[in-house]
Amino acid sequence: MHDIRTIRADGAGFDAAMARRGLLPVSADLLERDAARRLAQTALQEKQARRNALAKLVGEGRRKGADTSALEAESTTLRDDMAALEQNAAALDGEIRATLERLPNILDPDVPDGRDETANAVVKQTGTPRDLGFEPKQHFELGEALGLMLFEPAAKLAGARFTVVRGALARLERALGQFMLDLHTTEHGYQEVQVPLLVNDATMYGTGQLPKFAEDLFRTTDGRWLIPTAEVPLTNLAAGDIVTEKSLPQRVTALSECFRSEAGSAGRDTRGMLRQHQFRKVELVSVTKPEDSEAEHERMTRAAERVLELLGLPYRRMLLCAGDTGFSSVKTYDLEVWLPGQGMWREISSCSNCRDFQARRMNARYRSTDGKTVMPVHTLNGSGVAVGRALIAVMENHQQADGSILVPEALWPWTGGMERIASR
RNA sequence: GGAUGGGUGGCCGAGUGGUUUAAGGCAGCGGUCUUGAAAACCGCCGGGGGUUCACGCCCCCCGUGAGUUCGAAUCUCACCCCAUCCGCCA
């Protein structure tokens, strides 16, 4: 949510920022309504002041036993005028708000121009795709051959975009999640949190899923929403709070199920478990002072990269272009992992700095140590990393010619020493 | 699902129609004292908005929304949330 004052200060600059997102100018219309709103509000407040004064006079008059009927009559006539002005101001305020809450965040100057993912920039690459010495298989070929990754039963139970994983592969996925969680809590300073997977409207609004992206979400019959990422509950932990400057930064992480309707991606990635209605993800969320968010963004992205490095997975860090950067983000790094079976780099993590955009929506603030100012915090979120996709990446990168899969050594403590997954 | 009790500033908590301009405490900030710290004492100290070059002045906010009234934290209605007990339940 944008501060109308920044638009007042530089409407042309704001329009230029929105143009980078491919949006038409809105500042002139907004400022016109803003001026009208303030006019109505000022007039209303003058009448409220008069009413307050009259009420005081009536009170004093009655105590003395004086006739106050003239004062009361004036106050009564004020009421009608006030109601009209109040309605006018509230309507304009609602219109301004309705526009503002659907406008995306202002992009960081670092973000390259571009309409889609083809304009994303490679920031760096770590590890190189290895020549396995044989024709690599895709994860679902490996999984089905092992008899441990099943799509027919999932379709029977729930439909398309679900997967049943069994046995050693199920254990491997569980190990991946535990490994990531333990890494971030013990080495990267994040506190583990268990969060609700069902949340209310206000929570979805706070992180920016609502009101614009309801069609991407699942809704329950009692009006709640299934979280598409733990970013939603983790970030909203700060909603409505004023915290002390000293308590920042706050870093939290959760391993959670995520639910996405995948509306609009019909036909994409239909084979395998790359794009599911339900998947697990370890999420990282940081709340910082404004001046710290940029450094925190790098730090968080490094934390996610560390996961891939320890798993021996080649990856590259992408800086998303204007057209590919999400609604709430000013700057996003995607981590793309190499999938030998697919022969492609695929997203496995996305780390975003939202600055004060979500904080304003959810009214999350901090008080400076000198007690003088209260300001919105900055919020950041990143996958650290997607567990289901990590399972795919481990399977495809560590597959052997015989169709077995070597378990990365980093996972052994969580796999009970299981070092290889093979059919038996 | 049923019953009862609640929701007041960063936190706790008083406040049942008009000196509430929301008491008091805690925390925080500044100061006195001290080698330093603590304690004690003194002062400052909620949020949002309008207006003003500024000082300041004004308006709104006591869970949310309607209503009654000259006037509402206080009265009425609806809704939301929390706690406890009962029922059901992993």
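As the structure is a computational prediction, the values presented were derived from the model and not from experiment.

With respect to the domain arrangement of chain A
Once the domains are mapped, chain A shows domain 1 (4–100) and domain 2 (117–421). Just the C-alpha atoms count here: the centres of domain 1 and domain 2 sit 44 Å apart.

Describing the sheet that holds strand β7 (residues 242–244)
Taken in spatial order, the three strands make up an open sheet running β7-β13-β14, and their pairing is mixed. Both edges of this open sheet fall to β7 and β14 (374–376), since each of them pairs with a single strand only. Recorded for the sheet is a direction-independent mean angle of 35 degrees between the axes of neighbouring strands. Alignment of β7 against strand β13 (residues 365–367), held across three bridges, turns out to be parallel. If you follow Val-243 over to β13, its bridge partner there is Tyr-366.

Thoughts on the state of the cysteines
A full pass over the atoms with the stated rule returns zero disulfides. The closest cysteine sulfur to the non-disulfide-bonded Cys-321 is located on Cys-354, 17 Å from its own sulfur.

Let's talk about the environment of Asp-93
Along the polypeptide, Asp-93 turns up in helix α4 (residues 69–100). With relative accessibility at 39%, the residue Asp-93 sits in the partly exposed group. Taking C-alpha positions, Asp-93 is 7.7 Å from Asp-34, a pair spaced 59 residues apart along the chain.

What to know about the protein's contact with RNA strand B
Near RNA strand B lie 26 residues; those nearest to it are Gln-41, Thr-42, Gln-48, Ala-55 and Ser-75. Backbone atoms, meaning sugar and phosphate, form 77% of the atoms of RNA strand B found within 4 Å of the protein. One of the side-chain nitrogen or oxygen atoms of Arg-8 is found 3.0 Å away from a phosphate oxygen of RNA strand B. In the model, a base nitrogen of RNA strand B is placed 3.1 Å from a nitrogen or oxygen of the Gln-45 side chain. Contributions of two or more residues to the surface near RNA strand B are made by α1 (4–9), α3 (27–64), α4 and β13. Looking at the surface near RNA strand B element by element, the count peaks at 14 residues for α3. Its residues assigned to classes, the surface near RNA strand B comprises five nonpolar, nine polar and 12 charged.

Focus on the pattern of salt bridges
Side chains bearing opposite charge may pair, as long as their charged atoms lie close to each other. A complete count under the given rule lists 31 salt bridges for this structure. Arg-317 is paired through a salt bridge with Glu-298; the nearest N and O atoms lie 3.0 Å apart. Separated by 19 residues along the polypeptide, Arg-317 in strand β10 (residues 315–319) and Glu-298 in helix α10 (residues 293–310) bring together distant segments of the chain. A salt bridge links Arg-302 to Glu-305, with the nearest nitrogen and oxygen atoms 2.7 Å apart. Linking Arg-302 with Glu-305, this pair stays in helix α10, spanning three residues, or about one helical turn. With relative accessibility at 34%, the residue Arg-302 sits in the partly exposed group. A network of salt bridges, in which partner residues are shared, links Lys-124, Glu-298, Arg-302, Glu-305, Arg-306, Glu-309 and Arg-317.

Definitions and limits used
Residues numbered from 1 in each chain as written. Chains lettered and ligands numbered in written order. Predicted model: local features only at pLDDT ≥ 70, side-chain atom pairs only at ≥ 80, totals over all residues. Heavy atoms only, no water. Domains from an automatic or database assignment. Pairing = 2+ DSSP bridges. Helix = DSSP H or I, 4+ residues; strand = E, 2+ residues; numbered from the N terminus. Axes fitted to C-alpha atoms, helices over the stretch in contact; angles between N-to-C directions. Disulfide = S-S within 2.5 Å. Buried < 20%, exposed > 50% of the residue type's maximum accessible area, 1.4 Å probe, protein only. Near = heavy atom within 4 Å. Polar contact = N/O pair within 3.5 Å; in protein donor to acceptor, adjacent residues only side chain to side chain. Nonpolar A, V, L, I, M, F, W, Y, C, P; charged D, E, K, R; others polar. Salt bridge = Lys/Arg side-chain N within 4 Å of Asp/Glu carboxyl O.

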